[in-house]
Structure formats: structure tokens, C-alpha cells
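# Breakdown of the fold
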Amino acid sequence: MTDSPELWLPLLRRLARAATGDADCADDAVRRCVERLLARPEGPATREEAFGELARVLAEVKAQQSGSALLQLPLPQRLAYLLTRLERLAPEAAARALDLSPRRLSMLVTSARATLGEPDPARVLIIEDEPATALDLEEIVERGGHAVVGIASTHAEALDLARSETPALILADIRLADDSSGVEAVNDINAARAVPAVYVTAFPDQAMAEAGPGSLVVAKPFSRQDLAGVIDEALALGPRAG
């Protein structure tokens, strides 16, 4: 299946940010990737081809190799791991995207997993005032092998749970039951201890504006696969700098 490059933007941006750990570097790589995809004489690209073009662009840019264990992996290992883990590509599709043999891809993924180790289950705090959505989020978190340490519907509840349960990740809406801001709740939690966050909201543009560039935002309604991928990304990257 082929599509306009613009339709691949959210996937390309997610992969680039996970692979570089730098929002500005990632966005520049995605821009260059889309320009190349638009200039393709073959016409619209498949998802594999779009990922492949992004991989070639990332090989040309200087991205940080410090911080999380993921970012310290050599780029080929990093991309092999992210395409199969974050983007949920089948090994054959990931191998085609990276122009590798299936055996070579398997070696890279195995090496990456050995270096990163099996991640410990993460303790996740959910800040969400819609009960049905909170239950959906809880199910996705637990299916991913993690544990929900609490569900808060207000700013005060979120701070109390963060202090008592020390979460490793926060999933937060931006509009809460007491008319407070989920972004402010996350900021107050991070003032005491840095915790990565994913904003899950019907107002993604507002969330990005309030939380700042490089924030991880998932728009409602969300797919389980997309949210699971962003949870993996947030845990791999860790807390945002600054």
C-alpha cells in the first residue's frame, strides 16, 4: 500500500525522535526525508519505503549518542530494534526497510536486546478524569507488562499519588475533573523528581503548545498499538532534559 508522504509524518516523527533523542534533529531529518519522498520518480511510498528513506537520512546526520542505553546503541542496531519493537514491523518488513538480509537484521535486534536487557515492568501513573478512558489506558499498560500504580482525576490526586507511588511513567490528559491542567500536574511532579510523560488528549495541539517541543502526545481517539508504541518510546528515552 502506498500513500502520500504527509500521511507517514506521525510515524516518521516518532521513529526519528526515538532514534535521535532530540526533537529538533528528528524534525529536520523528517523534513529532509519527506522532501526526498516527494521527489521520488516512482511515486508515493509504502510505509517500509518511508522508513527506509528516513534511515538513510539519519545515517547522514549527527545525532547524540549519550543519555539512555538506547541512544548509545550504534544506529543500525537502534533502528533495527525500534522498527521491530516500537513500530511493530514484521522482521521481513524491517529488513527490507533497512536494506538488510533477514539474518543480519536478526543479529542486530538480538545484539540490541542483549545490550538493553529485558526492561523491568514500569510503574505507571494515569491522570485521566474519564473512567472509561482510564480503564482503557490501564488495560493497555498492563498488556504491555507494566503496572498501574494509581489513577488520578485531579491535580491534587496526581501529586499525592506521585509522591506515594514513585511512578516511572505518567500518562496524562490535559484537562482534568477539577478544571486544572494535566500539563501543570506533570510539571509539578517533575519539579520534585523527573518522570517521563505521555499526554493522551483530544486536544493534541494544545498539549504540544503547553508541554513544549519534543513532548510525547497521543491524540484521542487512539489505537492500542500506537499508544503501546509511544509508551515504549517514553520509557526508552526517559525524562526530558530541562
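Notes on the structure follow. What you are looking at is a predicted structure, and each value in this text was computed from that prediction instead of being measured.

## A short note on the pattern of salt bridges
Enumeration according to the criterion identifies 22 salt bridges in this entry. Across the pair E87 and R14 runs a salt bridge whose closest N-O atoms are separated by 2.7 Å. Here E87, found in the loop between helix 4 (75–85) and helix 5 (91–97), pairs with R14, found in helix 1 (residues 9–20); they are 73 residues apart in sequence, far enough to count as distant. Each member of the pair, E87 together with R14, is buried. Between R36 and E53 there is a salt bridge, and its shortest N-O distance comes to 3.5 Å. Remark: E53 occurs in helix 3 (residues 47–58) and R36 occurs in helix 2 (residues 23–38); sequence separation between them is 17 residues. Looking at R36, the relative accessible area reads 30%, which means it is partly exposed. Taking the relative accessible area as the measure of exposure, E53 reaches 11% and is therefore buried.

## Remarks on the side chain of S181
Here S181 shows up in the loop between strand 5 (169–172) and helix 9 (182–192). A relative accessible area of 13% places S181 in the buried class. At 3.1 Å, the side chain of S181 and the backbone nitrogen of V183 are in polar contact. In this structure the side chain of S181 is engaged in a polar contact, spanning 3.1 Å, whose partner is the backbone nitrogen of E184. Sequence-distant contacts of S181, that is, excluding residues within four places in its chain, are made with H155, I174, L176 and E210.

What counts and what doesn't
Residues numbered from 1 in each chain as written. Predicted model: local features only at pLDDT ≥ 70, side-chain atom pairs only at ≥ 80, totals over all residues. Heavy atoms only, no water. Salt bridge = Lys/Arg side-chain N within 4 Å of Asp/Glu carboxyl O. Helix = DSSP H or I, 4+ residues; strand = E, 2+ residues; numbered from the N terminus. Buried < 20%, exposed > 50% of the residue type's maximum accessible area, 1.4 Å probe, protein only. Polar contact = N/O pair within 3.5 Å; in protein donor to acceptor, adjacent residues only side chain to side chain. Contact = heavy atoms within 4.5 Å.

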